[in-house]
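The lines below spell out each chain.
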Amino acid sequence: MNKNKKNIITPYKTALKFARTHYENFPVVSFFIPKKMKKHVAIIYWFARTADDYADEGDLSDGERLEKLNDLEFRLKQLLNGKAESDFELALANTINEKNLSPKYLYDLLKAFKQDVIKNRYSAFDEVLDYCKHSANPVGRLILELFDIRNEEANNYSDKICTALQLTNFLQDVATDYQKGRIYLPQDEMEMFQITEKMFELKENNLNLKKLLKLNVNRVDELFTDGKNLLKYLNGRLKFEIAWTIAGGEEILKQIKLNDYDVLNKRPELTKTKMISLLIKSI
């Protein structure tokens, strides 16, 4: 075993442990992911989560956050040129090279995280979609590449699913994001439904806000429905994994509807029991 191969064993193991303990609605490396692929999924998650933490966690100033993200971007450029400084970077470079991944998608993720630092309002839905294009869609495309699925139609359906998942997370976290100073609901639609930010502050679940959320929930439902066409391009465990993930997103939307669209006072979440139920349905 050469030195580089030896050096990447530990960071892969650490990334796997990290990914298993940090997830939103579903495990990142569930048992659906083949064993030989888990380390690759985990190291990509490590990269994305590291960038996300730089953009969102701790008490750093915006300038300090951007500095860290710019440094991470520089490190990405360096490791792609064979100049990895840490064992984690060696592992990421190994995954990119071994699985022939497109570095563009990693740069897209960094662009989205930088945007989170400098932009906290979106004038129209097209702006939100553009954010999803960089924050969510690259993850789906990287997963497809990991499994050697390189088909433009599959990519397009994957984009719909990933965008739908990102938008679902926005709807799930309206209250949390507002506390962080961010609103992802389009400003023009808020104005159309006469929604003010004061309503978020007061956690006022009025009829107009319900109408705005219903519009968004229905829009995301349509994206999930169309995106399910991706499943015909998938096989085996990956197909079950994606079906399970879609089911989770749809369940969150269902909970929002059942809660009378009151996302300000009750955050919809998936219990372990519900996750298992969705798992069985997916299989």
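Residues numbered from 1 in each chain as written. Predicted model: local features only at pLDDT ≥ 70, side-chain atom pairs only at ≥ 80, totals over all residues. Heavy atoms only, no water.

1. A look at helix α5 (residues 87–98)
The condition is simple: Comment: elements are numbered from the N terminus, with helices defined as DSSP H or I runs of at least four residues and strands as E runs of at least two. Helix span, as expected, comes to 1.5 Å for every residue beyond the first. Burial classes follow relative accessibility: with a 1.4 Å probe on protein chains only, a residue under 20% of its type's maximum area counts as buried, one over 50% as exposed, and anything between as partly exposed.
Its twelve residues give α5 an end-to-end C-alpha distance of 16 Å, which sits within 8% of 16 Å, the value for a rise of 1.5 Å per residue. When we look at burial in α5, the residues that qualify are E89, L90, A91, L92, A93, N94, T95 and I96. Where α5 ends, the next residue or the one after it, N100, has phi of about 55°, a positive value.

2. A closer look at the packing of aromatic side chains
The test is simple: In this scheme Phe, Tyr and Trp rings, the latter by its six-membered ring, pair at centre separations within 6.5 Å, and the angle between planes marks the pair as stacked below 30 degrees, edge-to-face above 60, and tilted otherwise.
Inspection of every chain in the model, using the stated rule, returns eight aromatic pairs. Each ring, one from Y122 and one from Y184, has its centre 5.6 Å from the other, and the planes form 25°; the classification is stacked. With Y122 in the loop between α6 (103–118) and α7 (125–135) and Y184 in the loop between α10 (174–179) and α11 (187–192), the pair connects residues that are 62 residues apart, well separated along the chain. A relative accessible area of 0% places Y122 in the buried class. A centroid spacing of 6.5 Å and a plane angle of 35° characterise the contact between Y157 and Y233, whose relative ring orientation is tilted. Within this pair, whereas Y157 is found in helix α9 (residues 152–172), its partner Y233 is found in the loop between α13 (207–227) and α14 (236–258), the two being separated by 76 residues in sequence.

3. A short note on the layout of surface pockets
For the record, the criterion: We place a 1 Å grid over just the protein atoms. Points where a 1.4 Å probe fits but has no way out form a cavity, open points with protein on both sides within 12 Å along at least 5 of 7 lines form a pocket, and any residue with an atom within 4 Å of a point lines it. Grid points are joined across faces, edges and corners, and a volume is the space filled by probe spheres set on the points. Asp, Glu, Lys and Arg are counted as charged, while Ala, Val, Leu, Ile, Met, Phe, Trp, Tyr, Cys and Pro are counted as nonpolar; the rest, among them Gly, fall into the polar class.
A volume near 190 Å³ is recorded for the second largest pocket. In this structure, the second largest pocket is lined by 14 residues; those nearest its centre are Y54, D71, L72, R75 and E89. Here the element with the most residues in the lining of the second largest pocket is helix α4 (residues 62–80); it accounts for six residues. Considering only residue class, the lining of the second largest pocket consists of seven nonpolar, two polar and five charged.

4. Some words on the confidence of the model for the protein
Close reading of the predicted structure is inappropriate where its pLDDT is low. Basically, it comes down to this: Think of pLDDT as the predictor's per-residue confidence, scored from 0 to 100.
Summarising the model, the protein shows a mean pLDDT of 90, and 92% of its residues fall at 70 or more. Considering each helix and strand of the protein separately, the mean pLDDT is smallest for helix α1 (residues 3–7), with a value of 59, and largest for α11, with 98.

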